[in-house]
Amino acid sequence: NSAAAMLVALAGGLCVTVCLLPTLGEVFAGLSDIMAAGGIDSAKCINIIKVTGIAYFTEICSGLCRDAGESALAAKLEI
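Here the structure is a predicted model, which is why all the values come from computation and not from measurement.

**Points about the overall build of the chain**
So, point 1. Each helix and strand counted, the chain has three helices and zero strands in total.
So, point 2. The secondary structure elements of the chain, listed N-terminal to C-terminal, are α-α-α.
So, point 3. In terms of C-alpha radius of gyration, the chain reaches 17 Å, well past the compact-globule figure of 12 Å for 79 residues.
So, point 4. Considering only C-alpha atoms, the chain reaches an extent of 50 × 30 × 10 Å along its principal axes.
So, point 5. Per-residue burial for the chain yields a buried fraction of 8% across its 79 residues.
So, point 6. Accessible area for the chain stands at about 6,100 Å²; split by element, carbon and sulfur atoms hold 71% of it.
So, point 7. When the 4 positive and 7 negative side-chain charges of the chain are each reduced to one mean point, those points stand 10 Å apart.

This is the structure we're talking about:
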């Protein structure tokens, strides 16, 4: 059943994300230390991180659409 498979994939992705949140906090703290040591403007780096996050989110959603058999919707998401 494709609807159940999509729900299982979403639930699995959510579980993985929740498990990774503490680790991501440490990564961002280390990144903040590196930016401070290098004298990099934090506003520019935050924008780059946001754009990268949106790109990953879109790619994951596109993959889920393709798995559900909605290749047209996946192509529109990628655009």
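**Examining helix α2 (residues 42-67)**
What sets the pattern is the α-helix's 3.6 residues per turn: residues three or four places apart point alike.
So, point 1. Between its first and last C-alpha, α2 extends 37 Å over 26 residues, near the 38 Å set by a 1.5 Å rise per residue.
So, point 2. Taken together, the buried positions of α2 are occupied by Cys45, Ser62, Leu64 and Cys65.
So, point 3. Looking at the buried residues of α2, the elements they touch are α1 (2-38) and α3 (71-78).
So, point 4. In the stretch just after α2, Gly69 is the one whose phi turns positive, near 85°.

**Side note on the packing of α1 against α2**
So, point 1. Relative to each other, α1 and α2 sit at 165°, their axes nearing to 14 Å. In terms of their interaxial angle, α1 and α2 are classed as roughly antiparallel. Between α1 and α2 lies a crossing of right-handed hand. Two secondary-structure elements touch here, α1 through Ala9, Leu10, Phe28, Leu31 and Met35 and α2 through Ser42, Cys45, Ile49 and Leu64.
So, point 2. In terms of residue class, the contact of α1 with α2 is built from eight nonpolar, one polar and no charged.

**Digging into the environment of Asn1**
So, point 1. Structurally, the position occupied by Asn1 is in the segment before α1.
So, point 2. Along the primary structure Asn1 and Ala68 are separated by 67 residues, whereas in three dimensions their C-alpha atoms are 9.5 Å apart.

**Considerations on the pattern of salt bridges**
So, point 1. Summed over the entire model, instances satisfying the criterion amount to one salt bridge.
So, point 2. Residue Glu78 pairs with Arg66 through a salt bridge whose shortest N-O separation is 3.0 Å. On the criterion of sequence distance, the pair formed by Glu78 in helix α3 and Arg66 in helix α2 is long-range, its members being twelve residues apart.
So, point 3. The partly exposed category is assigned to Glu78, whose relative accessible area is 41%.

**Thoughts on the environment of Arg66**
So, point 1. On the accessibility criterion, Arg66 (41% relative accessible area) is partly exposed.
So, point 2. Not counting residues within four places of it along the chain, the set of residues in contact with Arg66 comprises Ser71, Ala74, Ala75 and Glu78.

The rules we used
Residues numbered from 1 in each chain as written. Predicted model: local features only at pLDDT ≥ 70, side-chain atom pairs only at ≥ 80, totals over all residues. Heavy atoms only, no water. Helix = DSSP H or I, 4+ residues; strand = E, 2+ residues; numbered from the N terminus. Rg over C-alpha atoms; globule rule 2.2 N^0.38 Å. Buried < 20%, exposed > 50% of the residue type's maximum accessible area, 1.4 Å probe, protein only. Areas by Shrake-Rupley, 256 points an atom, 1.4 Å probe, with all protein chains shown as cover. Lys, Arg positive; Asp, Glu negative; His and termini not counted. Charge placed at Lys NZ, Arg CZ, Asp CG, Glu CD. Expected span 1.5 Å × (residues − 1). Contact = heavy atoms within 4.5 Å. Axes fitted to C-alpha atoms, helices over the stretch in contact; angles between N-to-C directions. Parallel < 35°, antiparallel > 145°, perpendicular 65-115°, else oblique. Left-handed = near helix turned anticlockwise from the far one by under 90°. Nonpolar A, V, L, I, M, F, W, Y, C, P; charged D, E, K, R; others polar. Salt bridge = Lys/Arg side-chain N within 4 Å of Asp/Glu carboxyl O.

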